[in-house]
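In case you want the letters, here they are:
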Amino acid sequence: MKNKREDLKFKKRIVVKIGSSSLQHAQTGGMDYARMEKLVRELCNLKNRGMDVILVSSGAIAAGRNAVNMKAHRTGCGAMTMAEKQACSAIGQARLMMTYQKLFGEYNQLTAQILMTKNTVLDDTNRINAINTFTELMDMGAIPVVNENDTVATHEIEIGDNDTLSAIVSAMVGADLLILLSDIKGLYTDDPRKNPDAKLLDTVEDLTDEILEMGKGSTGSSVGTGGMNTKLTAAQIATRSGADMIICSSEDLGILNRLIDGSNEGTIFLSDPEDDFDLPGFIRNIHHD
Ligand code: GLU
């Protein structure tokens, strides 16, 4: 599999996903500007290597919640209402984008915002329009920043997590690599937080039932919505639509360019393209409860 890692430098179109917990300070919930700066620098560097780059960034609800001083971990009756979440995402998405604009601007890098819902994938006209916009933006040399449109995405039309969203984007734009930056180093044979003998898998060639089973019941971090289950859903979408996918740690964001240099980090899921992969059909049938 050494060659697979070495071949990553020939990738043409990369989607990178980062979660809320990787963009904020754990203690305060405030935005971690140093990490955002590093992320943007790494992405601009990938762009300068000649690759098309798209960022799928979470953090809107977290940033909004922080802006209005709403406690991050309210549970039970005190859990955020749909309207609160939507209001927080409206506040937070604007803050997030303002920060990205500023940071990309420092590298003279054009950026743009794309907000999607499930309808963007399911509705043919919406989907084709979105694909045209992505294509045009990349022709213009921009790095699009994508998030779910949480402000309007109620339960019926939400994708619900950005792991799945990033794989959808990857399939829509015909990316050949999807990188999920995570608070976990990759896919383990068992939950490493509970089982010290759990082993990190280097490569997954086939998404067998046994592999898919490894994601069941995983909860992920307390701030984002993605756990291993959603990452394995993302792996199915990405690999079946023709992209390799890597799950790796977001601890040191230098990992993005190291991976492209062939570094053996994280878990790589090898692409297994299906000519007739039905993206809207697959999305219609996902249930993550
Ligand atoms: N779209 C949500 C946000 O920006 C995050 C979803 C996720 O973490 O997967 O706050």
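Throughout what follows, the structure given in this document is the object of discussion. As the structure is a prediction and not an experimental result, all values here were calculated from the model.

1. Observations concerning the overall build of the protein
Okay, step 1: Along its length, the protein carries 11 helices and eight strands.
Okay, step 2: What you see for the protein is a C-alpha radius of gyration of 18 Å, in line with the 19 Å of a compact globule of 289 residues.
Okay, step 3: In terms of principal-axis extent, the alpha carbons of the protein reach across some 50 × 45 × 40 Å.
Okay, step 4: Residue burial in the protein is summarised as follows: out of 289 residues, 53% are buried.
Okay, step 5: A separation of at least 24 residues holds for 76% of the contacts in the protein among residues at least 6 apart in sequence.
Okay, step 6: Put simply, the protein has 30 plus and 40 minus side-chain charges, and the middle of one group is 6 Å from the middle of the other.

2. So, the environment of Met36
Okay, step 1: By secondary structure assignment, the location of Met36 is in helix 2 (residues 33–48).
Okay, step 2: Between the C-alpha atom of Met36 and that of Thr99, which follows or precedes it by 63 residues, the distance is 8.4 Å.

3. Observations concerning the packing of helix 7 (residues 162–173) against helix 9 (residues 228–240)
Okay, step 1: Two elements in contact, helix 7 and helix 9, have axes separated by 8 Å at closest approach and are oriented at 5°. Our classification of the angle between helix 7 and helix 9 gives roughly parallel. Taken together, the residues of helix 9 that come into contact with helix 7 (itself represented by Asp163, Thr164, Ala167, Ile168 and Ala171) are Thr230, Lys231, Thr233, Ala234, Ile237 and Ala238.
Okay, step 2: Looking at the contact of helix 7 with helix 9, its residues break down into six nonpolar, three polar and two charged.

4. Notes on the nonpolar core
Okay, step 1: Phe134, Val169 and Ile237 are the most contacted members of the largest nonpolar core, which totals 47 residues.
Okay, step 2: A total of seven residues in this core trace back to one element, the largest contributor, which is helix 7.
Okay, step 3: Every residue in contact with Val169, bar those within four places of it in the chain, is listed here: Val15, Ile54, Val56, Met116, Phe134 and Val146.

5. Brief notes about unusual backbone geometry
Okay, step 1: Within the chain, Asn69 stands out as a residue other than glycine whose phi angle is a positive 55°.
Okay, step 2: The class for Asn69 is exposed, based on a relative accessible area of 68%.
Okay, step 3: Not every positive phi belongs to a glycine, and Asn108 is a case in point at roughly 55°.

What counts, and at which threshold
Residues numbered from 1 in each chain as written. Predicted model: local features only at pLDDT ≥ 70, side-chain atom pairs only at ≥ 80, totals over all residues. Heavy atoms only, no water. Helix = DSSP H or I, 4+ residues; strand = E, 2+ residues; numbered from the N terminus. Rg over C-alpha atoms; globule rule 2.2 N^0.38 Å. Buried < 20%, exposed > 50% of the residue type's maximum accessible area, 1.4 Å probe, protein only. Contact = heavy atoms within 4.5 Å. Lys, Arg positive; Asp, Glu negative; His and termini not counted. Charge placed at Lys NZ, Arg CZ, Asp CG, Glu CD. Axes fitted to C-alpha atoms, helices over the stretch in contact; angles between N-to-C directions. Parallel < 35°, antiparallel > 145°, perpendicular 65-115°, else oblique. Nonpolar A, V, L, I, M, F, W, Y, C, P; charged D, E, K, R; others polar. Core = buried A, V, L, I, M, F, W, Y, C linked by side-chain atoms within 4.5 Å.

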